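Structural overview
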Amino acid sequence: MPKSDLSVVATHACGWPNLTKLSNGDLLCVYFNAPSHGQMEGDLICSIKKRSSSRWQKLSVVSRRPPSGNRMHLAVGSANNGDILCFSSGFILKNKKFVGFAGHWLSRSSDGGVSWKEDRVPAIPQKLRNAIPYGRIVCLDDNTLAYSCYRSQGRGNPSESWVCFSKDDGKSWDQYCKLGKNDSNEVALCPLDDGRLMGAARTHIDHHVKICEFSTSSKKWYEKGAVTLPMQHPGDLIKIGSKSLLLSYGLRNRGLMGFAARLSLDGGKTWLPPWTLHQCGDKASDLGYPSTVCLDKKGNIMTAFYTDHEPTFKANAAKYRVLVKRWNLFDWMNDENRKLVLSGM
């Protein structure tokens, strides 16, 4: 088994972490800070790992909960001017049960995540005000920003997703389009060097991940097919150099609880067989939501995820934590594929 390092970002936090690499090499992780799958009050917290340090430290509160509510859903990314943006939403609760939606807000930091200004009525389309943001806020080749959001129709029913665009660096988001033909839920966006915009979309009926591609000419999304089995979700999609794509995704199949990855060497047309990167054991019941960044050109990768049981901690295994796993992409590849990836880095 290839070597890896496991570190704690936060304890007693269910998570849904979102990992961002800043231009100076520092890493930010934004996450929900309550030990519950959305049924407790809590805030969105930002922790930082300095490039020169191996430790994670709490940095700031990104979005504070409303009375009797929480902030737990999130989409994070950088604007063209270097500001960090975070769309968020959450629930209003009564007796630890959902009774209402807590709003679709936008937080902005101009100092690397140290402080945040929150807009509780951002300039987004009215249709999307009750939608749930997810994944990354990305920058396209014409400096347009984009993020995804979705609306669930209940257990076992298809969901709807949209991608929203900003032409003024995140001040307003007046353009949007629906993603997928039918069932699309949480979507991770990834712009490619050739101008394409790819999305790894979770479905809500059997919970697999499918790849979608946006056409800039028709302004429509086209589905390219499934890349995981049922109960393997949601996904995060990142570029590795100019030619390769790395998909990381949660494993919620009994006997496989953890997260895995697949690599495409041709811009998402085909995918190598999956790698199971981490397993939390059969005692884990709630986990996943990997968020991944490439640390350098040597293939070092960091993936944030959460779990309610991590056997590494032995006597203290049964506890909600946000964790990061450092691993090396090339440890999982043969020499031929390694050379193909390196040629694009």
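Refer to the structure above for everything that follows.
**Considerations on the overall build of the protein chain**
Per the secondary structure count, the protein chain includes 1 helix and 26 strands. By the compact-globule yardstick of 20 Å for 345 residues, the protein chain fits well, its C-alpha radius of gyration being 19 Å. Reported as C-alpha extents along the three principal axes, the dimensions of the protein chain are approximately 55 × 55 × 45 Å. In the protein chain, which comprises 345 residues, the share counted as buried stands at 58%. Considering only intrachain contacts with a sequence separation of at least 6, the fraction spanning at least 24 residues in the protein chain is 49%. Both charge centroids of the protein chain, one from 47 positive and one from 31 negative side chains, sit 4 Å from each other.

**Looking at the sheet that holds strand β18 (residues 209-215)**
With respect to topology, 4 strands assemble into an open sheet ordered β16-β17-β18-β19, the strand pairing being antiparallel. Lying at the two open borders of the sheet, with one neighbouring strand each, are β16 (187-191) and β19 (220-226). For this sheet, the mean angle separating the axes of adjacent strands, direction not counted, is 25°. In this sheet, β18 lies alongside strand β17 (residues 197-202) in antiparallel orientation, the contact comprising 6 bridges. Across the sheet, residue Ala200 finds its bridge partner in β18, namely Ile211.

**So, the sheet that holds strand β11 (residues 117-119)**
Taking strand neighbours across the sheet as the criterion, the 8 strands line up as β11-β10-β7-β6-β12-β13-β14-β15 in an open arrangement whose pairing is mixed. Edge positions in the open sheet fall to β11 and β15 (175-179), since each of these has one partner strand only. Neighbour-to-neighbour, the strand axes of this sheet turn through a mean angle of 20°, independent of strand direction. Both strand β14 (residues 160-166) and β15 contribute to a ladder of 5 bridges, which runs antiparallel. Residue pairing across strands places Val163 opposite Cys177, the latter belonging to β15.

**Observations concerning the pairing of strand β24 (residues 287-294)**
For β24, the tally of buried residues reaches 7 of 8 residues, placing the bulk of the element in the interior. Connecting the antiparallel pair β24 and strand β25 (residues 300-307) is a turn made up of 5 residues, with Gly299 showing a positive phi of about 90°.

**A few points about unusual backbone geometry**
A cis amide bond links His233 with the next residue in sequence, Pro234, at an omega value of -20°. Along the chain, Pro234 falls in the loop between β19 and β20 (235-240). Within the chain, His207 stands out as a residue other than glycine whose phi angle is a positive 65°. Note on placement: His207 falls in the loop between β17 and β18. Positive phi, close to 65°, is recorded for Met231, a residue that is not glycine. Tracing the chain through its elements places Met231 in the loop between β19 and β20.

**Overview of the packing of aromatic side chains**
Applying the stated criterion to the full structure yields 14 aromatic pairs. On the basis of an interplanar angle of 90° and a centroid distance of 5.1 Å, the ring pair of Tyr147 and Trp173 is categorised as edge-to-face. Separated by 26 residues along the polypeptide, Tyr147 in strand β13 (residues 145-151) and Trp173 in the loop between β14 and β15 bring together distant segments of the chain. You can call Tyr147 buried: its relative accessible area is 0%. Here Trp173 falls in the buried class, since its relative accessible area comes to 0%. Ring pairing ties together the aromatic residues Trp16, Phe32, Tyr134, Tyr289, Tyr306 and Tyr320, which thus form one cluster. Seen from the ring of Trp105, Arg71 lies directly overhead, with NZ or CZ sitting 3.5 Å from the centre.

**Comments concerning the side chain of Thr20**
Examined against the element boundaries, Thr20 turns out to sit in strand β2 (residues 15-21). Classification of Thr20 by relative accessible area gives buried; the value is 9%.

**A look at the nonpolar core**
Within the largest apolar cluster, 40 residues are counted, with the highest numbers of intra-cluster contacts made by Trp16, Cys29, Tyr31, Trp56, Met302 and Val322. The greatest single-element share of this core, amounting to 6 residues, is contributed by strand β3 (residues 27-32). Trp16 has contacts with Val30, Phe32, Ser36, His37, Gly38, Met72, Leu74, Tyr289 and Tyr306, leaving out every residue within four places of it along the chain.

**Some words on the pattern of salt bridges**
Working definition: two side chains of opposite charge can pair if their charged atoms are close together. Taken as a whole and assessed by the stated rule, the structure comprises 15 salt bridges. Ionic pairing is found between Lys239 and Asp193, a salt bridge with its closest N-O pair at 2.7 Å. Placement of Lys239 in strand β20 and of Asp193 in the loop between β16 and β17 is noted, with a sequence separation of 46 residues between them. Each of Glu41, Asp43 and Arg65 takes part in one network of salt bridges that share partners.

Calculation notes
Residues numbered from 1 in each chain as written. Predicted model: local features only at pLDDT ≥ 70, side-chain atom pairs only at ≥ 80, totals over all residues. Heavy atoms only, no water. Helix = DSSP H or I, 4+ residues; strand = E, 2+ residues; numbered from the N terminus. Rg over C-alpha atoms; globule rule 2.2 N^0.38 Å. Buried < 20%, exposed > 50% of the residue type's maximum accessible area, 1.4 Å probe, protein only. Contact = heavy atoms within 4.5 Å. Lys, Arg positive; Asp, Glu negative; His and termini not counted. Charge placed at Lys NZ, Arg CZ, Asp CG, Glu CD. Pairing = 2+ DSSP bridges. Axes fitted to C-alpha atoms, helices over the stretch in contact; angles between N-to-C directions. Phe/Tyr/Trp six-rings, centres within 6.5 Å; stacked < 30°, edge-to-face > 60°. Lys NZ or Arg CZ within 6 Å of the ring centre and 35° of its normal. Core = buried A, V, L, I, M, F, W, Y, C linked by side-chain atoms within 4.5 Å. Salt bridge = Lys/Arg side-chain N within 4 Å of Asp/Glu carboxyl O.

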